[in-house]
Amino acid sequence: METLVLSQSYEPVARIPWQRAIHLLFQGKVEVVEEYEDRVVRSVTVELRMPSVIRFVRALWKGPRGIRFSRENVYQRDHCRCQYCGRKVTRPEATYDHVVPRAQGGHTSWENIVIACVPCNQKKGNRTPAQARLTLLAVPVKPKKMPNAVHLSFLVEQGVPMSWRKFLRDVAYWHTELET
């Protein structure tokens, strides 16, 4: 079971294990907004419903901070598209490709990792795009900024708890593609 974490202003920030949510609650950093009706957490002296949605009591510090290099952030930077053929790929079918393979001296960095679909990644193999006769749609670079809701992949996953939906509805609305 997971818990949706909201900022002080009720914006979705993350999803965390329920154990971490209980820990933050006892530290006084969060308050419970929604609970799972059928789930109870018990200790020797305390019984409480498992938190479904929590909210930070104080504002999150949003000072200067570098963008974390992660699979999710690379996926967001590449706009969920294969950087060789341009096809939109879902998170489960997305692969992470070293433009210059590690076997040829390539590093795992913003400038050398792109999203690729499975067919393009297999076609490229352990070669550079030029050696595989593929062209990159965009040169991979470290982004200067990311969208406010970087962790949007959890919004489109099937089976999010009903108690989360009212907090995700507005964010999902503003981050979906318009029909053409």
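Residues numbered from 1 in each chain as written. Predicted model: local features only at pLDDT ≥ 70, side-chain atom pairs only at ≥ 80, totals over all residues. Heavy atoms only, no water.

**Student:** Where do I start with the pairing of strand 2 (residues 12–17) in this structure?
**Tutor:** Side-chain positions along a regular strand alternate between the two faces of the sheet. Inspection of the sheet shows strand 1 (residues 2–6) paired to strand 2 by 5 bridges, in the antiparallel sense. The residue of strand 2 that forms the bridge with L4 is R15. Connecting strand 1 to the next strand, strand 2, in antiparallel fashion are 5 residues, including Y10 with a positive phi near 65°. (Pairing = 2+ DSSP bridges. Helix = DSSP H or I, 4+ residues; strand = E, 2+ residues; numbered from the N terminus.)

**Student:** Would you mind going over the side chain of N73 with me for this structure?
**Tutor:** Here N73 shows up in helix 2 (residues 71–77). Within the structure, N73 has its side chain in polar contact with the backbone oxygen of R68 (distance 2.6 Å). (Polar contact = N/O pair within 3.5 Å; in protein donor to acceptor, adjacent residues only side chain to side chain.)

**Student:** Help me understand the pattern of salt bridges in this model?
**Tutor:** Oppositely charged side chains can form a pair if their charged atoms are brought close together. The final tally for this structure, using the stated rule, is 8 salt bridges. For R91, the salt bridge is made with E72, and the minimal N-O distance between the two is 2.9 Å. Separated by 19 residues along the polypeptide, R91 in the loop between helix 2 and strand 5 (95–98) and E72 in helix 2 bring together distant segments of the chain. Using a relative accessible area of 30% as the deciding quantity, one classes R91 as partly exposed. Among the residues examined, E72 registers a relative accessible area of 10% and is labelled buried. One salt bridge connects D97 with K124, and the closest N-O pair in it is separated by 3.4 Å. Separated by 27 residues along the polypeptide, D97 in strand 5 and K124 in helix 3 (residues 118–124) bring together distant segments of the chain. For the pair D97 and K124, one class covers both residues: buried. (Salt bridge = Lys/Arg side-chain N within 4 Å of Asp/Glu carboxyl O. Buried < 20%, exposed > 50% of the residue type's maximum accessible area, 1.4 Å probe, protein only.)

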